[in-house]
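As a plain string of letters, each chain reads:
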Protein chains: 2
Amino acid sequence: MSELPTKADAARESATDLLGPGEAVLTFDVGGTDTKSALIARDGRILGLRRTPTPRSDSDPAGVVIESVTALAATLRAHYPEEVPAAAGLSVPGLVDEAAGIARFASNLGWTDVPMHELAQRALALPVAFGHDVRAAGEAEARLGAARGFEDSIVIAIGTGIAGAIVLGGRPHSAHGYAAELGHTLADPNGERCPCGARGCLETIASAGAIARRYRAASGVKVAGAREVLAAAQSGDATARLIWSEAVTAIAEHLARLVATIAPQAIVIGGGLAEAGDALFVPLGRHLDDLLSFHRRPLLLKARFGDDAGLLGTALAARDLLAHGGVL
Amino acid sequence: MSELPTKADAARESATDLLGPGEAVLTFDVGGTDTKSALIARDGRILGLRRTPTPRSDSDPAGVVIESVTALAATLRAHYPEEVPAAAGLSVPGLVDEAAGIARFASNLGWTDVPMHELAQRALALPVAFGHDVRAAGEAEARLGAARGFEDSIVIAIGTGIAGAIVLGGRPHSAHGYAAELGHTLADPNGERCPCGARGCLETIASAGAIARRYRAASGVKVAGAREVLAAAQSGDATARLIWSEAVTAIAEHLARLVATIAPQAIVIGGGLAEAGDALFVPLGRHLDDLLSFHRRPLLLKARFGDDAGLLGTALAARDLLAHGGVL
């Protein structure tokens, strides 16, 4: 985990000036499978961006993540000695109380109520902006990406799971981490039990993971992911069509409810499922039109940054922290 | 409409100091059936509070309302010459763009895109704070009532229809009037068509109006309102129990979705249906508990002001207007 970035990683070093000039900061986006890390240079370039497996431990699930992040930080510092980071950003999945600095719960990583902010500050010996991965991605899309310029927007990331970020009046609405649980919102009261404990969560029907799992269960055919289910649907497989269409319907109903309650000007869809492009966006837009009446129809936009949104948003948070005096 | 307040009305004059000292303002809460009006004294007393029928006109639905409000204003001014109003508040139902000053749509009053703010300012010759009736009620509950002290709260008014107000970070979230359409949020994708044009809106299942209508349709028994349906359910009428329980279930599912997306600390329930008390709040709380897992369970609170919340919130808006220089 502490080897230098590979050639392929190095090729991803960005010369673009997305983030603009500012202090150098470290940025870590810890995901359920992989951790993305980079050093943001003073001129805004993204240096050493790489993806490493997120380590797991039953006995100390948060400790091994902090160790891994610390090792990644040491590698980045050693590789770019001219860019001395003044702060770091750390984002994690699950339920995150940003104000308290606590990672409350992550079903896939297995931690509960970890004082992640304090642990990270101590391990990195830097001020740390600690947050939620999808809220960070939402921030990146809101400030630099597809939702830029909209006062009220929602970002929904549909991958293995489903998570979201809500920006209202230009500011993220997090409610101490409890808001924007778009994947764990009731979709079907008679649906299956979700690992979170509730019944019929959107994630059990419409995540890329659920689409693959439901297709396997209904057809007996082994597929690696939602992409294969979509391909099967497009070549006329009736089961695949049904599973895909149920997912699109559940997402459309969910978006319709968000429109009636929050009324965002734009809904940005990211995550692996957004890569389906028109196969997702066209039927989704049509369904949504059918479900709305006087409501304000939001723009449905594909996320700009794809997989790197969380890392960028986390870097923004680290820069923000310094702009606000270096304390969270 | 221009007679003086009756003795019964006068008895409602409030000596309490809810609104506190400030400028004298007129306040009008135009409802689908009745209009409530009052003069707020400089010491905060509510003077001449009364309820008059909201006039209807097919040819000029907004004009007759403005005429009626103007006449009510004249009566209040004549009756309390020592309290010279410096501004007025006017709230109306339906879809309201407060920032633009436009009453966009009210299905029961029959108007579309009326520049109500300008019309009212001209007719009353006063600066007017123009807004939405339930958002005004939400403001009153948030600042003076049941939701006071909560950063994030939702007020849902369940009467003939269902409407809501959302307060986030202590500020109302209206999205130019399109937000908080809690009654016109999808409850049942296979439900009946709503007069708004969408299908299966919460209002078609769970409003007091819908409960009475659905019971009449299912049983053939004429009932005047939801109160009678509840009484029938409590004395063992199976049809009434079913209709009541479907309404409670639909509200609980709706609240569960609001919890997962917005995560309010408190949900305040007002309107006629809230008068059912425990018969509503107990099963609703139980249903909500069943539907949530790691989510933050909000407090379910009964609205403090009942029917007068809209009038009070409208008065607050008029006072706010003056505090901000007298222009909207």
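Just so we're clear, the structure is a prediction, and the values are computed from it rather than from any experiment. (Residues numbered from 1 in each chain as written. Chains lettered and ligands numbered in written order. Predicted model: local features only at pLDDT ≥ 70, side-chain atom pairs only at ≥ 80, totals over all residues. Heavy atoms only, no water.)

J.: Please explain the pattern of salt bridges as it appears in this structure.
T.: One side chain can pair with another of opposite charge once the charged atoms of both are near each other. Here the structure, examined in full by the defined rule, presents 32 salt bridges over all chains. A salt bridge links Lys36(B) to Asp307(B); its shortest N-O distance comes to 3.8 Å. With a gap of 271 residues between them, Lys36(B) in strand E2 (residues 34-40) and Asp307(B) in the loop between strand E13 (299-302) and helix H10 (309-323) connect regions that are remote in the sequence. For Asp307(B), a relative accessible area of 45% puts it in the partly exposed group. Between Asp43(B) and Arg45(B) there is a salt bridge, with its nearest N and O atoms 2.9 Å apart. Its relative accessible area of 30% is what places Arg45(B) among the partly exposed residues. Through salt bridges with shared partners, one network takes in Asp29(A), Asp34(A), Lys36(A), Arg51(A) and Asp307(A). (Salt bridge = Lys/Arg side-chain N within 4 Å of Asp/Glu carboxyl O. Helix = DSSP H or I, 4+ residues; strand = E, 2+ residues; numbered from the N terminus. Buried < 20%, exposed > 50% of the residue type's maximum accessible area, 1.4 Å probe, protein only.)

J.: Quick question: what am I supposed to make of the domain arrangement of chain A here?
T.: In many reports, interface size means the accessible area that the parts give up when they come together. Residue and element names in this part refer to chain A. According to the domain assignment, chain A consists of domain 1 (7-133 + 307-323) and domain 2 (146-303). Measuring from the centre of the C-alpha atoms in domain 1 to the corresponding centre in domain 2 gives 27 Å. With seven residues of domain 1 in contact, the opposing surface of domain 2 contributes five residues. Three residues stand out in domain 1 for area buried against domain 2, namely Leu95, Asp97 and His132, and they jointly supply 51% of the buried area on that side. At the boundary of domain 1 with domain 2, the tally comes to zero salt bridges. Taken together, the connections running from domain 1 to domain 2 amount to zero residue pairs in polar contact (both at pLDDT 80 or more). Ranked by residues supplied to the side of domain 1 that touches domain 2, first place goes to strand E5 (residues 95-97) with three residues. Looking at the side of domain 1 that touches domain 2 residue by residue, the class counts come to three nonpolar, one polar and three charged. (Domains from an automatic or database assignment. Contact = heavy atoms within 4.5 Å. Buried area = accessible area lost by both parts, 1.4 Å probe. Polar contact = N/O pair within 3.5 Å; in protein donor to acceptor, adjacent residues only side chain to side chain. Nonpolar A, V, L, I, M, F, W, Y, C, P; charged D, E, K, R; others polar.)

J.: I tried to follow the relation of the copies chain B and chain A on my own but got confused; where do I start?
T.: Between the two copies of the chain lies a relationship made up of a rotation around an axis and a movement along it. Here chain B sits on chain A after a turn of 180° about the axis and a move of 0.0 Å along it, with an RMSD of 0.0 Å. Overall, the copies show the geometry of a two-fold rotation axis. With an isologous cut-off of 70% or more, the 100% of interface residues of chain B that recur at the interface of chain A puts this contact in the isologous class. (Least-squares fit on C-alpha atoms with pLDDT ≥ 70 in both.)

J.: Whenever I open this one, the pairing of strand E1 (residues 25-30) of chain A confuses me. Can you help?
T.: Regular strands have side chains that alternate between both faces of the sheet. Residues and elements named next belong to chain A. In terms of burial, E1 is largely enclosed, as six of its six residues are buried. Summarising the sheet, E1 and strand E2 (residues 34-40) pair through six bridges and their orientation is antiparallel. Bridging from a neighbouring strand, Phe28 pairs with Ser37 of E2. Between E1 and E2, which pair antiparallel and follow one another directly, the connecting turn spans three residues. One ladder, built from five bridges, connects E1 with strand E4 (residues 87-92); its direction is parallel. Directly across from Val25, in E4, lies its bridge partner Ala87. (Pairing = 2+ DSSP bridges.)

J.: Which parts of the structure should I look at to understand the environment of Glu139(A)?
T.: Residue and element names in this part refer to chain A. Tracing the backbone shows Glu139 in helix H4 (residues 133-143). Along the primary structure Glu139 and Thr314 are separated by 175 residues, whereas in three dimensions their C-alpha atoms are 8.5 Å apart. Setting aside its immediate chain neighbours within four residues, Glu139 contacts Leu144, Pro172 and Leu316.

J.: Just to check I follow, could you spell out the pairing of strand E6 (residues 102-106) of chain B for this structure?
T.: Residues and elements named next belong to chain B. Sheet topology places strand E5 (residues 95-97) next to E6; three bridges connect them, and they run antiparallel. Along E6, the bridge assignment pairs Val96 with Ala103. Two elements, E6 and strand E7 (residues 111-114), share three bridges in a ladder whose sense is antiparallel. Looking at E7, one finds that Ala106 is bridged to Trp111.

J.: It is not clear to me how helix H7 (residues 226-234) of chain B should be interpreted in this structure. Could you clarify?
T.: The periodicity of an α-helix, 3.6 residues per turn, causes residues three or four places apart in sequence to face the same way. All names here are of chain B. All of the buried residues in H7 are Ala226, Val229, Leu230, Ala232 and Ala233. On an axial view of H7, the arc spanned by its buried residues comes to 160°, and they lie on one face. Set apart from the buried face of H7 by more than 90 degrees, the exposed residues are Arg227 and Gln234. On its buried face, H7 is in contact with helix H6 (208-219), helix H8 (238-261) and helix H9 (278-291). Downstream of H7 by one or two residues, Gly236 has phi in the positive range, about 95°. (Arc of directions from axis to C-beta.)

J.: What exactly am I supposed to notice about the side chain of Arg257(A) here?
T.: Along the chain, Arg257(A) turns up in helix H8 (residues 238-261). Despite being buried, Arg257(A) has no salt bridge partner; Glu253(A) is the closest side chain of opposite charge, sitting 4.5 Å away. Polar contacts involving the side chain of Arg257(A) include one to the main-chain carbonyl oxygen of Leu186(B), which spans 2.9 Å. Those residues in contact with Arg257(A), other than ones at most four positions away along the chain, are Leu186(A), Ala187(A), Thr185(B), Leu186(B), Ala187(B) and Arg257(B). (Lys, Arg positive; Asp, Glu negative; His and termini not counted.)

J.: Can you walk me through the sheet that holds strand E8 (residues 128-132) of chain B in this structure?
T.: In any sheet, the strands associate via hydrogen bonds between backbone groups, in a parallel or an antiparallel arrangement. Residue and element names in this part refer to chain B. On the basis of which strands lie adjacent, the open sheet formed by five strands has the order E3-E2-E1-E4-E8 and mixed pairing. Edge positions in the sheet fall to strand E3 (46-53) and E8, since each of these pairs with one other strand and no more. Here the strands of the sheet are splayed against their neighbours by 15° on average, with no regard to which way each runs. Its contacts with the sheet place helix H3 (residues 116-124) against strand E1 (25-30), strand E4 (87-92) and E8, and it is angled at close to 145° to E8. Each of E1, E2, E3, E4 and E8 touches H10; the most contacted strand, E1, lies at about 140° to it. (Axes fitted to C-alpha atoms, helices over the stretch in contact; angles between N-to-C directions.)

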